[in-house]
Amino acid sequence: NNIQLLFHPLSSKDINNDKNANRKKITLSKLSTYTQLESPPDPEKDIEFRIKIPKTNNKNKIIDDNLIYAVYKDAISFLITNDNEILDNAVKLEISDRVFNINEAIEYISKLYNEFSITTASPVLKKIPLHNLNLNDPFFDLLKIDYPDFQNWFKQKARDGKEAWVYSL
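A short tour of the structure in this document, coming up.

**Quick word on the overall build of the protein**
- Summing up its helical and strand segments, the protein has eight helices and six strands in all.
- Sequence-ordered secondary structure for the protein, helices as α and strands as β, is β-α-α-β-α-α-β-α-β-α-β-α-α-β.
- Taken across its 169 residues, the protein has 28% of its residues classed as buried.
- Put simply, the protein shows about 12000 Å² of open surface, and 52% of that area lies on carbon and sulfur atoms.
- For the protein, the distance from the average position of its 23 positive side-chain charges to the average position of its 24 negative side-chain charges is 7 Å.

So this is what it looks like as structure tokens:
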């Protein structure tokens, strides 16, 4: 349906603040699969916006303000977030019809494209032992490149009886 998924440039800055190096690396590699929003609008000189959402010195809130400002200025159509403060700010800005939590987004898209079936991840998630996964599956190729010790780690976790949640259709 010609839907483009974008990420705000400050999202990568937010991810880089993560003190967990492995999680940060994985999240950044996922982020690289999306298109970056080019020339996002800057909320700092918008008096009307700043009356509704006062300026802050908190680094995380500055990023959040920029994310919601992209919706406010129509640089993007929708924002999907589970951040309650962003959702509350959307109400203040009168754009809550375009800022969704994940369940609201699924409901909205389902109505918009009613000919398609959209479900939450839970019905298609299965918990299976690691030893039942095919380590040669292309899914693991990037992990093997990014994390040279991944195969050894995976095999040890399989031997330890660990399980994984697997998305399957």
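Anyway, onward from the coordinates.
**Here's the deal with unusual backbone geometry**
- For serine 39, which is not glycine, the phi torsion reads 45 degrees and is therefore positive.
- When you line up the elements, serine 39 lands in the loop between strand E2 (35-36) and helix H3 (47-52).
- The exposed category is assigned to serine 39, whose relative accessible area is 69%.
- Non-glycine residue aspartate 74 carries a positive phi angle of around 65 degrees.
- Along the chain, aspartate 74 turns up in the loop between helix H4 (59-72) and strand E3 (79-80).

**Re helix H8 (residues 150-159)**
- When H8 is considered as a whole, its buried residues turn out to be Phe150, Phe154 and Ala158. Buried residues of H8 fall within an arc of 70 degrees about the axis and therefore sit on the same side.
- Where H8 is buried, its residues contact helix H7 (141-146).
- Looking one or two places after H8, you find glycine 161, whose phi comes out positive at around 80 degrees.

**As for the nonpolar core**
- By size, the foremost hydrophobic cluster in this structure holds 18 residues, and its most contacted members are Phe49, Ile68, Leu79, Leu93, Ile95 and Val99.
- Of all the secondary structure elements, the ones that give two or more residues to this core are H4 and helix H5 (84-92).
- Top contributing element to this core by residue count: H4, with seven residues.
- In this structure, valine 99 is in contact with Val71, Leu79, Thr81, Ile86, Leu87, Ala90 and Glu104, ignoring residues within four places of it in sequence.
- Core analysis: the next-biggest nonpolar cluster, separate from the first, contains eight residues, Leu135, Phe140, Ala158 and Ala164 among them.

**Digging into the packing of aromatic side chains**
- Tallied over the full model, the rule gives 11 aromatic pairs.
- Judged by centre distance (5.5 Å) and plane angle (50 degrees), the ring pair of phenylalanine 49 and tyrosine 72 falls under tilted. Placement of the pair is phenylalanine 49 in helix H3 and tyrosine 72 in helix H4, with a sequence separation of 23 residues. Of the two residues, phenylalanine 49 and tyrosine 72, neither departs from the other in class, the shared state being buried.

**Re the packing of helix H1 (residues 9-16) against helix H2 (residues 21-31)**
- Where H1 contacts H2, the two axes come as close as 9 Å, and the packing angle between them is 165 degrees. Considered as vectors, H1 and H2 are oriented roughly antiparallel to each other. For the pair H1 and H2, the crossing hand works out as left-handed. Residue-level inspection shows Ser11, Ser12, Ile15 and Asn16 of H1 in contact with H2, the latter providing Lys24, Thr27, Leu28 and Leu31.

**Observations regarding H5**
- Three or more residues of H5 are buried, namely Ile86, Leu87, Asn89 and Ala90. Seen from one end, H5 has its buried residues packed into an arc of 160 degrees, which puts them on one side. Every exposed residue of H5 that faces more than 90 degrees away from the buried side is listed here: Asn84 and Val91.
- Contacts made by the buried residues of H5 are with H4, E3 and strand E4 (99-100).
- Between a side-chain oxygen at the N-terminus of H5 and the backbone nitrogen of glutamate 85 the separation is 2.9 Å; the capping residue is aspartate 83.

The rules behind each value
- Throughout this description, residue numbers start from 1 for each chain and increase along the sequence as written.
- Given that this is a predicted model, residues contribute local features only at a pLDDT of at least 70 and side-chain atom pairs are listed and counted only at 80 or more, while totals for whole chains, interfaces and linings are drawn from all residues.
- Side-chain measures were taken over the full set of non-hydrogen atoms in the model, leaving aside hydrogen atoms and water.
- Think of it this way: any DSSP run of H or I at least four residues long counts as a helix, any run of E at least two long counts as a strand, and we number them from the N terminus.
- We call a residue buried when its accessible area falls under 20% of the maximum for its residue type, exposed when it is over 50%, and partly exposed in between, using a 1.4 Å probe and counting protein chains only.
- Note that accessible areas follow from Shrake-Rupley with a 1.4 Å probe, and for residues the cover is restricted to the protein chains shown.
- For the charge count, each Lys or Arg is scored as positive and each Asp or Glu as negative, with His and the chain ends excluded.
- By convention, charge coordinates are those of NZ in Lys, CZ in Arg, CG in Asp, or CD in Glu.
- Relevant arc is that of directions from the helix axis to the C-beta atoms, nothing else.
- Whether two residues are in contact is decided by their heavy atoms, any of which lying within 4.5 Å being enough.
- Definition of nonpolar core: a set of buried residues of the types Ala, Val, Leu, Ile, Met, Phe, Trp, Tyr and Cys, connected through side-chain atoms within 4.5 Å.
- Pairing of aromatic rings covers Phe, Tyr and the six-membered ring of Trp, with a centre-to-centre limit of 6.5 Å; geometry is then stacked below 30 degrees between planes, edge-to-face above 60, and tilted otherwise.
- Lines fitted to C-alpha atoms define the axes here, with helix axes fitted over just the stretch in contact, and angles between the N-to-C directions of these axes take values from 0 to 180 degrees.
- Any angle that falls under 35 degrees is termed roughly parallel, while one over 145 is termed roughly antiparallel, one within 65 to 115 roughly perpendicular, and all others oblique.
- Crossing handedness: left-handed means the near helix sits turned counterclockwise from the far one by under a right angle, and right-handed means the same turn made clockwise.
- Polar contact criterion, stated in full: a pair of N or O atoms within 3.5 Å, where within protein one must be able to donate a hydrogen and the other to accept it, and residues adjacent in sequence count only if both atoms are side-chain atoms.

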